[in-house]
Amino acid sequence: AQSVTQLDSHVSVSEGTPVLLRCNYSSSYSPSLFWYVQHPNKGLQLLLKYTSAATLVKGINGFEAEFKKSETSFHLTKPSAHMSDAAEYFCVVLMNTGFQKLVFGTGTRLLVSP
Amino acid sequence: NAGVMQNPRHLVRRRGQEARLRCSPMKGHSHVYWYRQLPEEGLKFMVYLQKENIIDESGMPKERFSAEFPKEGPSILRIQQVVRGDSAAYFCASSPDPPGQGGHEQYFGPGTRLTVT
């Protein structure tokens, strides 16, 4: 079965420094992977998605993620954090058995300090 | 396009009461998904519906929970005889295509936060 593991429950960075949110996946075949962001008391917004095209995926707000099959990873990065990036980030895999559904990681809370 | 609408945004119920959560998908979307998010956890899939049909309810608790998506009107998630453990955020999402097509992008609503006292 497909699953994702988010290695850090919290990540703290200073404004202007790089962001790295880690995600490893488990899948018996090439998966579809997503990163969603959830701001406090808001719904989820899709940041980016990987669907077996280019391994480096660019998303909104300057985020990008690289699919690395050899490492079974799909880490989310941003060169320079902004205060508005503080939120909860979810790595998500699309199950490909039965009726396909999204399987969410447990989330990483990004804290950005001035 | 107004996006996925959910109401109410906050709902307080006493134990034993019923909770009704509504979701209006984006215009043109006929596929609706419900998820539950417990505190400090990720979202867990509950049910997938198309108009008038439940396609996959593998994530729904066996008792007290039901969902519908009628031909006219919003999708409803109904929880009967609520208990404290039902306190959570319930998110609805919609998509224009069935799962597996078009990259399966789902658009999420703002959620309903249910508190059972």
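This text follows the structure it describes.
Throughout what follows, the structure given in this document is the object of discussion. (Residues numbered from 1 in each chain as written. Chains lettered and ligands numbered in written order. Predicted model: local features only at pLDDT ≥ 70, side-chain atom pairs only at ≥ 80, totals over all residues. Heavy atoms only, no water.)

### A look at the state of the cysteines
Tallied over the full model, the rule gives 2 disulfides over all chains. A sulfur-sulfur separation of 2.0 Å characterises the disulfide bridge that pairs Cys23 of chain A with Cys91 of chain A. The sign of the S-S torsion, about -65°, decides the handedness of the disulfide formed by Cys23 of chain A and Cys91 of chain A: left-handed. Of this pair, Cys23 of chain A sits in strand 4 (residues 23-26) while Cys91 of chain A sits in strand 10 (residues 87-94), and the two are 68 residues apart along the sequence. On the basis of relative accessibility, which here comes to 0%, the residue Cys23 of chain A falls in the buried class. There is a disulfide in this structure between Cys23 of chain B and Cys92 of chain B, and the S-S distance comes to 1.7 Å. Measuring the twist about the S-S bond at about -50°, one finds the Cys23 of chain B-Cys92 of chain B disulfide to be left-handed. Placement of the pair is Cys23 of chain B in strand 3 (residues 19-24) and Cys92 of chain B in strand 9 (residues 88-95), with a sequence separation of 69 residues. The same class applies to Cys23 of chain B as to Cys92 of chain B, namely buried. (Disulfide = S-S within 2.5 Å. Helix = DSSP H or I, 4+ residues; strand = E, 2+ residues; numbered from the N terminus. Buried < 20%, exposed > 50% of the residue type's maximum accessible area, 1.4 Å probe, protein only.)

### Things to note about the sheet that holds strand 1 (residues 5-7) of chain B
Within a beta sheet, neighbouring strands are joined by backbone hydrogen bonds and run either parallel or antiparallel to one another. Residue and element names in this part refer to chain B. A sheet is described by the order of its strands in space; here 4 strands give the open sequence 1-3-8-7, paired in antiparallel fashion. Two strands lie at the open edges of the sheet, namely strand 1 and strand 7 (65-68), each paired on one side alone. Averaged over all adjacent pairs, the angle separating strand axes in this sheet is 15°, with direction ignored. Pairing geometry for strand 1 and strand 3, over 3 bridges, is antiparallel. When the bridges of strand 3 are listed, Met5 appears paired with Ser24. (Pairing = 2+ DSSP bridges. Axes fitted to C-alpha atoms, helices over the stretch in contact; angles between N-to-C directions.)

### Some details on the interface of chain A and chain B
Contacts between the two partners involve 19 residues from chain A and, on the opposite side, 22 residues from chain B. Interface area, chain A with chain B, both sides summed: about 1,700 Å², of which 57% is carbon and sulfur. For the pair chain A and chain B, the number of links is 1 salt bridge. Between Asp56 of chain B and Lys101 of chain A there is a salt bridge, with the nearest N and O atoms lying 3.0 Å from each other. Summed over the shared surface of chain A and chain B, the number is 3 residue pairs in polar contact (both at pLDDT 80 or more). Elements that contribute at least two residues to the side of chain A that touches chain B include exactly strand 5 (33-38), strand 6 (44-50), strand 10 and strand 11 (102-104) of chain A. (Contact = heavy atoms within 4.5 Å. Buried area = accessible area lost by both parts, 1.4 Å probe. Salt bridge = Lys/Arg side-chain N within 4 Å of Asp/Glu carboxyl O. Polar contact = N/O pair within 3.5 Å; in protein donor to acceptor, adjacent residues only side chain to side chain.)

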